[in-house]
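Coordinate inspection notes
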Amino acid sequence: MIKTNNNPDIAIQCDAVHKKYKETTALNGVSFSVARGEIFGIIGPDGAGKTTLFRILTTLILADSGTASVDGYNVVNEYKEIRKRVGYMPGRFSLYQDLTVEENLNFFATVFNTTIAENYDLIKDIYQQIEPFKNRRAGKLSGGMKQKLALSCALIHKPSVLFLDEPTTGVDPVSRKEFWGMLKNLKAQGITILVSTPYMDEASLCDRIALIQNGEFLTIDTPKNIVSQYSNKLWAAESDNMHQLLIDLRANEITKNCFAFGDKIHISSPLNPPKGDLKTLDIDKTIRDLINNGHKNVVIQKIEPTIEDCFMQLSQR
Amino acid sequence: MEKVIQHNPDLVIIAENLTKRFGRFTAVDHISFEVKEGEIFGFLGANGAGKTTAMRMLSGLSIPTSGKGIVAGYDIGTQTELVKKNIGYMSQKFSLYDDLKVWENIELFGGIYGMKDAEIKEKTDKLMQLLDFENERNKLVGSLPLGFKQKLAFSVSIFHNPKVVFLDEPTGGVDPITRRQFWELIYDAASRGITIFVTTHYMDEAEYCDRVSIMVDGKIESLDTPKNLKKQFNVNNMDEVFQHLARKSTRKSD
């Protein structure tokens, strides 16, 4: 079999991929490549095109145009090779609810012509946590345990590339942290991971990320570089009455580009400054105005952006 | 010995030793709290801590095994239909009918809650303006982006002017800007006196609540303002508070 992509360091290659469903453009020319052994995050809201991208790369649907390869094989004419060597954990739990934990795992091992014993090392850390419940039906597991079983099943044939579509959506912050710990261990074993998430705070756990919205990548880079490329100035504001503070900041032409961020309000310099020389915020004056408006304990300070600030800036362009 | 609950009109939710057992499993274990009118109350907990079961009891969908609860002035054990009439509910999973138009959804839900046609029409016009939705009025809900849908779903859930609205992970998967606009709608509703009872997995959103409770293994482990909770655990944000408390969990099942 001739490989489409001969660069052994590239695990996923995607060039100008388009996909439309009737009138809706799901992917509008997506290009990127993932290096072998990388954790690559596709980060964006629901409806951005994440699942469509995953389904094209796992050879479940065809792109309208563009080319893509996984592990060197073309997603169209070499799909059988791809299916042998990728693991896929779809967004929706898709194991057999009426089979037990062990039966599910056995089933997937058998489909791939292997056994649980053969690749037990790879799944050991994850599977051990649910092994005490191996005779329980999958449908009766808790959310966290389902997730671990699904990951074990996606790994049982020792894939070279692992596709995880929103594995942490709806998962509480503690379990999310645990899950990312597992991914780190898998990376250490040389598995390439493409993972999608709507949670911006998970970006820093990836080697590189693509921010996606409306079927297009807003940017592709390391989380650190994306943050360093943030072009606006950014301040964090707080006072004793945060809701009123947001209303007052919004009412001012200079500070109106502001959003709540946890216990602070982030103010970014205006996208279209009303006057040429008002590009930066006069902090002292803003604070004075707020105090005059009755705010107490006003603090405004310059801060470094988070990935979420970057996403918001890029998506407003 | 059960206390007699005072019907203090300022309290929109009162839970006293609220408990739900399924067989030998205690999903919700003697939780007690009160929520005031117009308060934004964050109801946090790990998956499987018992949040959904508690919410189902408070919204009249499940009868408590023991304990007592008053929601919007009605007893959740004996007056479930009155409870349901006086609350709103919205979740990420169930919100609106995709194959009905925007105005049709509003009319349907307004009608279900017994609103008069004229009132529905007048409020629909106002709502379309407020949400800047004039152009979407005649579109099928299924064709709208998720962020639009969620904002509309929230507005519909408070359309009949309930005393309290239950929001079950309303912002899951929503883009960062819409997520914040959604919270501005919440603030606005609260300032009009509607009590907000909300669950979320976004810890930055926990900061927007007036008070937050954190459930661990069926019990309320902590309940206070975000500020006080951070102080109590000597940490910088609600994520750390949550990590600190939820790690105590020994429960293994949802």
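Residues numbered from 1 in each chain as written. Chains lettered and ligands numbered in written order. Predicted model: local features only at pLDDT ≥ 70, side-chain atom pairs only at ≥ 80, totals over all residues.

**Notes on the overall build of chain B**
- A tally of helices and strands in chain B yields 9 helices and 10 strands.
- For chain B, whose C-alpha radius of gyration is 18 Å, the value lies close to the compact-globule estimate of 18 Å for 254 residues.
- Viewed in the frame of its principal axes, chain B has a C-alpha envelope of about 50 × 40 × 35 Å.
- Sorting the 254 residues of chain B into buried and exposed places 47% on the buried side. (Helix = DSSP H or I, 4+ residues; strand = E, 2+ residues; numbered from the N terminus. Rg over C-alpha atoms; globule rule 2.2 N^0.38 Å. Buried ≥ 20, exposed ≤ 12 C-beta atoms within 10 Å, placed from the backbone.)

**What about the packing of helix α5 (residues 146-157) of chain B against helix α6 (residues 176-191) of chain B?**
All names here are of chain B.
- Contact geometry of α5 with α6 gives a least axis separation of 10 Å together with a crossing angle of 10 degrees. In this view, α5 runs roughly parallel relative to α6, as classed from their interaxial angle. On the side of α5, the interface is formed by G147, Q150, K151, F154 and S155, while α6 contributes T178, Q181, F182 and L185.
- Classifying every residue of the contact of α5 with α6 gives 3 nonpolar, 5 polar and 1 charged. (Axes fitted to C-alpha atoms, helices over the stretch in contact; angles between N-to-C directions. Parallel < 35°, antiparallel > 145°, perpendicular 65-115°, else oblique. Contact = placed C-beta atoms within 7 Å. Nonpolar A, V, L, I, M, F, W, Y, C, P; charged D, E, K, R; others polar.)

**Looking at the sheet that holds strand β2 (residues 24-35) of chain A**
Residues and elements named next belong to chain A.
- Strand order in the open sheet formed by 4 strands is β2-β1-β4-β5, with antiparallel pairing between adjacent strands. Pairing within the sheet leaves two strands with one partner each, and these edge strands are β2 and β5 (73-74).
- Sheet analysis places strand β4 (residues 65-70) next to β5, joined by 2 bridges and oriented antiparallel. Residue pairing for β5: S69 is matched across the bridge by N74. (Pairing = 2+ DSSP bridges.)

**Observations regarding the interface of chain B and chain A**
- Each side of the interface is counted separately: chain B has 30 residues, and chain A has 26 residues.
- Elements supplying a minimum of two residues to the side of chain B that touches chain A: α6, α7 (203-206) and α9 (238-246) of chain B.
- A total of 5 residues in the side of chain B that touches chain A trace back to one element, the largest contributor, which is α6 of chain B.
- Tallied by class, residues from the side of chain B that touches chain A come to 13 nonpolar, 8 polar and 9 charged.

**Points about unusual backbone geometry**
Residues and elements named next belong to chain A.
- Despite not being glycine, N214 shows a phi value in the positive range, around 50 degrees.
- Along the polypeptide, N214 turns up in the loop between β9 (208-213) and β10 (216-221).
- Even without being a glycine, N297 presents a positive backbone phi close to 55 degrees.
- A residue is classified by how many C-beta atoms lie within 10 Å of it, and N297, with 9 of them, is exposed.

**Structural notes on helix α4 (residues 120-127) of chain A**
Residue and element names in this part refer to chain A.
- Taken together, the buried positions of α4 are occupied by I123, I126 and Y127. Across the axial projection of α4, the buried residues extend over an arc of 80 degrees, all falling on one side. Among the exposed residues of α4, those oriented more than 90 degrees off its buried face are D121 and K124.
- Those residues of α4 hidden inside the fold are in contact with α5 (143-155) and α6 (173-188). (Arc of directions from axis to C-beta.)

**Quick look at the packing of α4 of chain A against α5 of chain A**
Residues and elements named next belong to chain A.
- Look at α4 against α5: their axes get within 10 Å of each other, and the N-to-C directions meet at 175 degrees. Relative to α5, α4 is oriented roughly antiparallel. Contacts between α4 and α5 pair L122, I123, I126 and Y127 from the former with K148, L151, S152 and L155 from the latter.
- Of the residues belonging to the contact of α4 with α5, the class tally is 6 nonpolar, 1 polar and 1 charged.

**Observations regarding the domain arrangement of chain A**
Residue and element names in this part refer to chain A.
- In terms of domain boundaries, chain A breaks down into domain 1 (10-228) and domain 2 (234-316).
- The distance between the C-alpha centroids of domain 1 and domain 2 comes to 38 Å.
- Each side of the interface is counted separately: domain 1 has 9 residues, and domain 2 has 8 residues.
- Elements represented by at least two residues in the side of domain 1 that touches domain 2 include exactly β9, β10 and α7 (223-228). (Domains from an automatic or database assignment.)

**Quick word on helix α4 (residues 117-130) of chain B**
- Taking 1.5 Å of rise per residue, 14 residues should cover 20 Å, and α4 of chain B covers 20 Å from first to last C-alpha, within 8% of that figure.
- Looking one or two residues past α4 of chain B, D132 of chain B carries a phi angle of roughly 60 degrees, positive in sign. (Expected span 1.5 Å × (residues − 1).)

**A closer look at the sheet that holds strand β13 (residues 264-268) of chain A**
Residue and element names in this part refer to chain A.
- Overall, antiparallel pairing links the 4 strands, which are arranged β12-β13-β11-β14 in an open sheet. In this open sheet, the two strands that pair with only one neighbour each are β12 (258-261) and β14 (299-302). Neighbour to neighbour, the strand axes of the sheet diverge by 25 degrees on average, direction disregarded.
- Relative to β14, strand β11 (residues 234-238) runs antiparallel, the two sharing 4 bridges. When the sheet's bridge partners are listed, E238 is paired in β14 with V299.

**Quick notes on the nonpolar core**
- In terms of nonpolar packing, the biggest core is built from 154 residues, with F163, I193 and I265 of chain A together with V71, I196 and F197 of chain B touching the most fellow members.
- Broken down by element, the residue count for this core peaks at 7 residues, all from α5 of chain A.
- Residue-level mapping places this core at the junction of two domains, with at least three residues from each of domain 1 (10-228) and domain 2 (234-316) of chain A.
- Leaving out residues up to four positions away in the same chain, I193 of chain A has contacts with I39, F40, L162, L164, L183, L186 and K187 of chain A. (Core = buried A, V, L, I, M, F, W, Y, C linked by C-beta atoms within 7 Å.)

**Topic: the environment of E202 of chain A**
Residue and element names in this part refer to chain A.
- One can find E202 in the loop between β8 (192-197) and β9.
- Residue class for E202 comes out buried when judged on the 23 C-beta atoms lying within 10 Å of it.
- For E202 and R176, which are 26 residues apart along the polypeptide, the C-alpha to C-alpha distance reads 8.9 Å.
- If sequence neighbours within four positions are ignored, E202 has contacts with G41, T168, W180 and T197.

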